[in-house]
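The lines below spell out each chain.
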2 protein chains.
Amino acid sequence: MTTPQHSPRAFFPAENGELLIGGMPVSRLAARVGQTPFYVYDHAALAARVAALRAVLPDTLHLHYAIKANPMPAVVGALAQLVDGLDVASGRELRVALDTGMTPEEISFAGPGKSAGELEQAVAAGVLINIESAREVRLLAEIQARTGWQARVAVRVNPDFDLKSSGMKMGGGPKQFGVDAEAVPALLAEIKQQQLGFEGFHLFAGSQNLRAEAIAEAQRKSFELCLRLAQDAPTPVKSLNLGGGFGIPYFPGEQALDLAPIGANLAELVAQASTRLPGAHLTIELGRYLVGEAGVYICRVLDRKVSRGHTYLITDGGLHHHLSASGNFGQVIRKNYPVLVANRMDREADENVSVVGPLCTPLDLLADRMNLPHAEPGDLIAVLQSGAYGFSASPRDFLSHPQPLEVLV
Amino acid sequence: MTTPQHSPRAFFPAENGELLIGGMPVSRLAARVGQTPFYVYDHAALAARVAALRAVLPDTLHLHYAIKANPMPAVVGALAQLVDGLDVASGRELRVALDTGMTPEEISFAGPGKSAGELEQAVAAGVLINIESAREVRLLAEIQARTGWQARVAVRVNPDFDLKSSGMKMGGGPKQFGVDAEAVPALLAEIKQQQLGFEGFHLFAGSQNLRAEAIAEAQRKSFELCLRLAQDAPTPVKSLNLGGGFGIPYFPGEQALDLAPIGANLAELVAQASTRLPGAHLTIELGRYLVGEAGVYICRVLDRKVSRGHTYLITDGGLHHHLSASGNFGQVIRKNYPVLVANRMDREADENVSVVGPLCTPLDLLADRMNLPHAEPGDLIAVLQSGAYGFSASPRDFLSHPQPLEVLV
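Let me begin by describing the structure that accompanies this report. The written sequence of each chain sets the order in which its residues are numbered from 1. Written order decides the labels, with chains lettered from A and ligands numbered from 1. Local features in this predicted model are restricted to residues whose pLDDT is 70 or higher, and side-chain atom pairs enter the listing and the counts only when it is 80 or higher, whereas totals over whole chains, interfaces and linings include all residues. Each side-chain value is worked out from all heavy atoms of the structure, with water and hydrogens disregarded.

1. Notes on the interface of chain B and chain A
Worth spelling out the cut-off: Here, residues are in contact when the closest pair of their heavy atoms is within 4.5 Å. Here the quantity called buried area is the accessible surface, traced with a 1.4 Å probe, that two parts lose on coming together, added over both. The salt bridge definition used is simple: a Lys or Arg side-chain nitrogen within 4 Å of an Asp or Glu carboxyl oxygen. Nitrogen and oxygen atoms within 3.5 Å of one another constitute a polar contact, given that in protein one can donate a hydrogen and the other can accept it, and given that sequence-neighbouring residues count only through two side-chain atoms.
Counting residues at the interface gives 68 residues for chain B, matched by 68 residues for chain A. For the chain B face of the interface with chain A, the top three residues by lost area are Q176(B), R308(B) and C360(B), together amounting to 14%. The interface formed by chain B and chain A includes six salt bridges. The partner of R92(B) in a salt bridge is D397(A), with the nearest N and O atoms 3.1 Å apart. The tally of links between chain B and chain A comes to 41 residue pairs in polar contact (both at pLDDT 80 or more).

Below, the structure is given as structure tokens:
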């Protein structure tokens with residue numbers, strides 16, 4: 001019987017016992033950063049991931065980066081050079097997106113609770129606003145009438161299906177996201193009445209999915225739903241955003257997503273669109289899939305303690321910096337992220353240990369009873385798959401420990 | 001059949017349909033704060049909670065506040081005037097504690113991953129350091145020898161029992177916290193050898209417990225364990241910290257903790273200590289129990305949306321400000337915190353709704369299918385029991401929305 005293993009690393013080779021990140025041995029990288037803990041994101045890994053996608057995606061498909069996954073300005077700036085557009089979820093994310101120099105034409109703004117101020121910010125910037133409710137139509141009409149700036153809008157649709165096997169279901173049944181598919185025709189009439197600048201639809205059926213066929217099926221259904229809804233559109237559809245949902249393997253037994261069938265499916269949809277939605281371009285927006293595997297969280301062993309036969313490696317990092325890796329962010333059953341002793345890569349995993357942080361809570365756990373090479377104080381622990389929903393999604397003030405840094409190499 | 005209800009509010013009456021906080025109607029309070037969302041902590045509620053404790057606790061017992069529950073400097077400053085001491089878990093918390101003017105004699109520092117810098121900071125300040133490993137003895141001896149500043153130390157013990165029915169077990173079995181009880185004699189010999197200033201013991205068996213008898217039993221066992229360990233102490237025990245663990249009712253069906261039996265039990269232990277540990281004082285340290293019910297999180301309804309028959313109140317606050325209330329911080333099964341429409345207190349709960357935040361994730365849920373009075377955009381939502389592990393324990397940069405404020409009234 002074999003125990004499920006973590007999927008092989010997509011990036012970051014090892015050399016002379018050290019994990020290489022951005023081509024630099026991790027112990028030197030830590031010295032160059034100047035402190036532990038830190039998050040490091042690898043520019044070459046971002047570029048390689050985008051290239052792998054481009055290789056299988058149809059040429060005319062637009063590839064967007066959803067900033068919510070990792071809003072570090074350097075990362076967003078690097079990705080802005082690699083992708084066709086950026087998706088934002090708040091006014092602050094919009095400012096980060098505009099700072100990259102990305103054309104507002106290729107920035108879109110979604111979110112179920114946009115404030116009046118954020119809507120005005122988005123209209124002023126000239127970005128595409130994914131409308132999520134009738135209230136947003138009224139507010140945008142008021143802003144457009146008062147300022148004379150044309151509001152560019154798409155309708156975010158709550159579909160009448162959901163993405164199967166998804167880590168997080170975001171469509172189907174009642175939802176706070178988007179406008180129920182059956183209510184879209186009335187909303188389109190209101191958009192026409194208010195003379196907002198209609199451009200298309202946005203559908204987002206789920207996230208963190210590792211089954212290519214489920215993603216392809218959701219894309220096909222989204223496309224068909226859009227074709228039906230387009231019949232009531234005030235003007236021809238110019239843009240159809242099919243969302244994302246591409247997962248990465250976090251836990252033992254999970255396999256990397258197979259891109260080929262997704263690429264083939266999208267090629268078919270792009271071909272169909274050329275006749276059934278002439279003049280429209282198709283977009284997918286990816287967050288986690290672009291940045292998740294390109295980032296590593298690094299912390300240092302402070303103490304090594306044996307309590308009643310079990311060994312704890314106590315580090316200077318933990319839950320407060322990396323909530324997801326601790327298993328406390330939406331997970332029902334805690335599982336270990338891939339964790340390494342990053343400067344002992346040439347040693348066998350000869351010990352069963354728990355890697356914990358400095359907090360006074362048993363929730364502060366980076367690895368629970370994992371087989372790792374013997375580690376001592378001063379050694380470096382790496383948590384892989386940490387480029388998305390890490391730094392920005394963690395309670396960094398919890399117990400008032402020092403903040404981690406973020407670097408792009 | 002009756003549905004379990006939330007426990008009655010300990011504080012905050014309603015008047016003319018408005019929740020009163022610090023005696024002020026919530027809608028005026030929101031205007032005085034200048035924005036939503038915000039956390040508000042009530043000085044009178046803090047004082048009332050401490051007074052209720054003092055009424056049942058023996059006079060000579062020391063009552064400490066554990067800053068980790070809520071490190072807002074104004075809150076810590078207010079509590080410093082009400083309690084006998086402060087407990088800190090990091091160098092930053094130590095600075096906040098010292099800023100209150102609390103004497104270093106009555107400040108103690110615990111945590112399984114103290115850095116060398118933090119240990120030196122604590123020695124320089126003259127606070128009591130709860131030693132959690134042999135490494136800390138070595139580091140403190142080095143600091144003491146180099147600087148000539150006497151290190152004041154207690155031993156944090158990982159007991160050989162745990163706190164029954166605890167929300168979070170922190171003792172018994174292998175743990176990253178403290179020193180296994182059976183290893184304490186050897187550590188005490190090392191403390192003596194290194195001439196550190198030994199003062200006593202610290203035991204912390206668990207947290208968020210609502211069963212008085214379980215807490216009393218853990219205190220009795222902690223006391224007895226300390227008596228045994230004291231036989232190997234290099235000098236007489238001056239201080240015995242029995243920890244905390246006092247819970248507050250969060251979820252439907254939970255009842256407030258009965259303080260009387262805990263007070264009676266502690267009175268008995270204090271009496272025993274006068275003969276069995278002469279010259280020692282007993283301490284309890286409470287975090288959540290002092291501040292949890294004195295704080296409220298307030299956000300505003302932005303949109304009201306009906307999706308396939310279910311009503312969503314979309315607010316400007318959510319998971320990013322209040323992770324625990326969203327059910328994503330250590331909870332296995334999500335339950336609703338007590339949530340109110342704070343400016344509609346005179347209306348019947350005539351609707352079943354979900355209260356959500358502005359984030360693009362279904363995890364962003366403040367109330368799931370809860371019966372509330374009809375609310376409209378502009379109305380104020382209050383989440384009670386929010387004084388502890390709220391602001392500082394939330395991923396406030398997640399999706400880059402505006403930060404909440406904190407005020408003390």
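2. Thoughts on the sheet that holds strand 1 (residues 14-15) of chain B
Residues and elements named next belong to chain B. Using the following cut-off: Paired strands, as defined in this entry, are two strands with at least two bridges between them according to DSSP. Numbering of helices and strands starts at the N terminus; helices are DSSP runs of H or I of at least 4 residues and strands are runs of E of at least 2.
Here we have three strands laid out as an open sheet, ordered 1-2-3, and antiparallel in their pairing. Bordering the open sheet on either side are strand 1 and strand 3 (24-25), each of which pairs with just one other strand. Two elements, strand 2 (residues 18-21) and strand 3, share two bridges in a ladder whose sense is antiparallel. Counterpart to I21 in the pairing with strand 3 is M24.

3. Topic: the relation of the copies chain B and chain A
Our working rule: When the copies are superposed, the least-squares fit draws on C-alpha atoms of residues that have pLDDT of at least 70 in both.
Note on the copies: chain B fits chain A at an RMSD of 0.0 Å, the axial shift is 0.0 Å, and the rotation between them is 180°. The symmetry that links the two subunits is that of a two-fold axis. For chain B, the minimum C-alpha distance to the rotation axis belongs to P395(B) and amounts to 2.0 Å.

4. Observations regarding the nonpolar core
Our working rule: Take the buried residues of types Ala, Val, Leu, Ile, Met, Phe, Trp, Tyr and Cys, join any two whose side-chain atoms come within 4.5 Å, and each joined set is a nonpolar core. For the exposure calls, accessible area comes from a 1.4 Å probe over protein chains only, and a residue counts as buried if that area is under 20% of its type's maximum, exposed if over 50%, partly exposed in between.
In this structure, Y65(A), F201(A), Y65(B) and F201(B) are the most contacted members of the largest nonpolar core, which totals 265 residues. Not counting residues within four places of it along the chain, the set of residues in contact with F201(A) comprises A154(A), V155(A), V157(A), V184(A), L188(A), C226(A), L229(A), A230(A), V237(A), S239(A), L240(A) and N241(A).

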